[in-house]
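Descriptive structure summary
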Amino acid sequence: MRPNSLLGKVAVAVLSVLVVTAGGLGVALTSGLVSVAQPTVESTSSEWGTVNEESTEIRTNVVVNNPNPVGVPPVVDMGYEIGMNGVTVGEGEESGVGLGTGRSTVSLSAKIDNEKIPNWWATHVNGGEQTTMTVTPSVGVPFFSESLPAEKRTFSTDILSAFDEDETRALTVDNRTVLKATKTDASWGEATTEETPIRFAATVQNPGNGTVVFSKLGYSITMNDVEVARGTTDGEVRIGAGETTTIDIDSAMDNSKLPQWWTSHVRNDEKTTMDVQFYALMEEDGETERVPLSFLSERVVFTTDMLGDGESTTKTVERPGEAAFEAPSVGEVDSEWVVPDQGDTRVRTTAVVENPNGADAAFADDLSFGTRYSVLMNDVSLANETVSRHVAPGRNELAFSAAITDREVQSWWVSHVNNGEESRRVVDRDVTIDTGFARLPLDRPAERGRFTTDMLGPVDNTSAQTLAIEGRRVGRVSDMSAEWGEATMPETPIDTAATIENERGEPIHITEVGYRVTMNGVVLADESKVKSVAVAPYSTRTVADEMTLDNSQLGEWWKTHIRRGERSQMKVSYYVVVEYRGHTQKIALDALNYEKTVTTDVLGDDES
């Protein structure tokens, strides 16, 4: 059987010297000198021995078969030096080595100086994670000594390959992806005895519409729970909406911690769990708390077999459950109108927020739910309010409100009328979860819709009515119409017109027009005007006028409209005073006298 360790190979060389020594001494039997046969090594086995803070022992047992009838006396001294990439890390010495007849076991022991591990590690990293381990033996017997050729074995690792991943991992809030890490990688810098630089990089995408902000990011590297590196970023880290960026962390392992790691690696059957953890930093009661960010972190297990065949393995593993940040989820969100007895109309929104984090979480006292609530109507801002509420563990029912002033109502009305009585609605709730260490936007889609009204719809310009004075028909009115003029903040004009036909042989005079418009009893217009329009005998003439709505009353109307569930009763009356042959009569124009129900759905989703 061939030796399977460096010390086993050394043993073969030493035994050869022992045989030479035995031949040199000569052993006399009854009939002369005995010829010397070559001993054989039947098996070797090496294992780690005593491991303490100072040194790491390698124990090797060599099973030897000596076919000679005589043994070798224990007069041989054996020494050997252990090197790793040219760095002498340990040595061993065995005195009084002998060899009996037949099968026997030779036990060898060597010790690695753990303080030399940082020196070796630097060569291992700088050499592409490859190490050549050498054992250089020497033997000595009385009157004879010899240095023997070194035996070599190479082993390699591939620790950082596990960090080169294209797997997408996400940070979610309320079942929505806030950030995605699409690629991670790591690379070594030029190692020295004192430190080993490592650069970690993560390609991060923000698929949402809000900026994600971390106050400060930190990292730690542990190897079998021995912390070999830790540090923080300089200042906050921002990832803008729709942005893809690379988060770079330039770290350095403290090589003075490597002897402690080395002992753990050997004691753990040459197995190491390397945990590279990113976390957010926050200040809590004067102390710095760390909140793990698992979507950026990596956990790697690597193994070696330095005393065997040199094989190594590297793989990523799942991180066991940890008390990390779990983002709250936002459930039902409802909005409703509030009309106080005095003051502005308000939109009150209630939101149910479930916070799965306990009261003992590092960020418990800082966790808040913030929102910018806005209602746009034809790009006119009816409400725009930013509020923040503390979030306690468990279920939270949060309420906040935004005021709608009378002036904002007027602005919307003007846009609605000038847009052909159509309003396009955008209700936006930009929600942010603020943990104290990060601001994570919750990308909730805006609620969009439209509604139209037809306040002048009942005016029928195809209808006609008789003009009669004291029961005597004098003519007729036709082509009555009403159209919106260009609304301004102070007033809203309605352009009216009617065609007067004189069926008599004497002129008809229009001496006055008047109108009144109310919405839910709120008077928007109430006016009479002196006119001087004559319609010649047997002719027609169009009488044009302008009704003017007082927009300063819209705020008062709006409150009644909201109280009635966004419903209004519009009443319009219009009259003319007609004079014929000294007789005067007030005549209501039927087409311009009507009632109309007007509805809106500002906060809803459906068209109305």
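Just above sits the structure.
Anyway, here's the lowdown on the structure attached to this text. The residue numbers shown here count from 1 along each chain, following its written sequence. Since the coordinates come from a predicted model, pLDDT governs what is reported: local features require at least 70, and pairs of side-chain atoms require 80 or more to be given and counted, while whole-chain, interface and lining totals use all residues. Each side-chain value is derived from all of the structure's non-hydrogen atoms; neither hydrogens nor water enter the calculation.

**Regarding a negative patch on the surface**
Only residues above 30% relative accessible area that lack a salt bridge enter a patch, with like-charged residues linked at up to 9 Å and the nonpolar side chains Val, Leu, Ile, Met, Phe, Trp and Tyr linked at up to 5 Å. Method for areas: the Shrake-Rupley scheme with a 1.4 Å probe, in which residue coverage is limited to the protein chains shown. Only one rule defines a salt bridge in this text: a Lys or Arg side-chain nitrogen within 4 Å of an Asp or Glu carboxyl oxygen. Positive residues here are Lys and Arg, negative ones are Asp and Glu, while His and the chain termini are left out of the count. For this purpose, a charge sits on NZ of Lys, CZ of Arg, CG of Asp or CD of Glu. Taken together, the side chains of E483, E491, D495, E546 and D550 present a region of like negative charge at the surface. Each helix is a run of H or I in the DSSP string that is no shorter than four residues. Each strand is a run of E no shorter than two, and both are numbered from the N terminus. Elements that contribute at least two residues to the negative patch include exactly β33 (491–502) and β36 (540–550). Examined against the element boundaries, E546 turns out to sit in strand β36. To sort residues, take the accessible area from a 1.4 Å probe on protein chains only and compare it with the maximum for the residue type: under 20% means buried, over 50% means exposed, and anything in between is partly exposed. You can call E546 partly exposed: its relative accessible area is 32%.

**A closer look at the sheet that holds strand β11 (residues 169–173)**
Spatial ordering of the open sheet is given by β11-β12-β13-β18, a layout of four strands whose pairing is antiparallel. At either end of the open sheet lies a strand with only one pairing partner, and these are β11 and β18 (244–254). Adjacent strand axes in the sheet meet at a mean angle of 25°, parallel and antiparallel pairs treated alike. Strands are labelled as partners when DSSP assigns at least two bridges between them. Two elements, strand β13 (residues 195–205) and β18, share 11 bridges in a ladder whose sense is antiparallel. Residue pairing across strands places V204 opposite T245, the latter belonging to β18. Fitting a line to C-alpha atoms yields each axis, with helices limited to the stretch in contact; the angle taken between N-to-C directions then spans 0 to 180 degrees.

**Let's talk about the sheet that holds strand β24 (residues 345–355)**
Pairing is antiparallel in the open sheet, where three strands are placed in the order β23-β24-β27. Both edges of this open sheet fall to β23 (329–338) and β27 (394–404), since each of them pairs with a single strand only. Across the sheet, the axes of successive neighbouring strands diverge by a mean angle of 15°, strand direction being ignored. Bridge count between β23 and β24: eight bridges; the pairing is antiparallel. Pairing of D334 across the sheet is with T350, part of β24.

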